[in-house]
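Close look at the chain arrangement
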Amino acid sequence: MSDEELIVAFALVRLDNPGVDLEEVAALVVRRLGEEEMLQFASHSLAARDELRGSLFAAAVDHVLRVVLTMRGERD
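**Side note on a nonpolar patch on the surface**
Residues L39, L46, L52 and L56 make up a contiguous nonpolar surface patch of roughly 320 Å² in combined accessible area. Inspection of the secondary structure assignment puts L39 in helix α3 (residues 35-49).

**Section: the nonpolar core**
Counting residues in each nonpolar core, the largest one holds 16 residues, and the members touching the most others are F10, V30 and V64. Among the elements of the structure, α1 (3-16), α2 (22-33), α3 and α4 (56-72) are those that each provide at least two residues to this core. Element by element, the count of residues in this core is highest for α4, at 6 residues. Residue contacts for V64: discarding those within four places in its chain leaves L6, F10, A26, V30 and F41.

Cut-off values and rules
- Residues numbered from 1 in each chain as written.
- Predicted model: local features only at pLDDT ≥ 70, side-chain atom pairs only at ≥ 80, totals over all residues.
- Heavy atoms only, no water.
- Patch = residues over 30% accessible without salt bridge, like charges linked within 9 Å, V, L, I, M, F, W, Y side chains within 5 Å.
- Areas by Shrake-Rupley, 256 points an atom, 1.4 Å probe, with all protein chains shown as cover.
- Salt bridge = Lys/Arg side-chain N within 4 Å of Asp/Glu carboxyl O.
- Helix = DSSP H or I, 4+ residues; strand = E, 2+ residues; numbered from the N terminus.
- Core = buried A, V, L, I, M, F, W, Y, C linked by side-chain atoms within 4.5 Å.
- Buried < 20%, exposed > 50% of the residue type's maximum accessible area, 1.4 Å probe, protein only.
- Contact = heavy atoms within 4.5 Å.

Dropping the structure here:
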């Protein structure tokens, strides 16, 4: 899954869950996309950090958040 596709998936989940914070939305995205994507995201997190922090699920959520915040950029 490309970063752009991940952003679209994140945006759709956020639209379905308007009052939820970003970390919870990222967790919902990982759950919705399934185990294969969770493993892929966790491997990206492992490659970026050179270590696996927490469970596979937590590492996958971390990757989703990192991509979203990177694409979002700095806000004033």
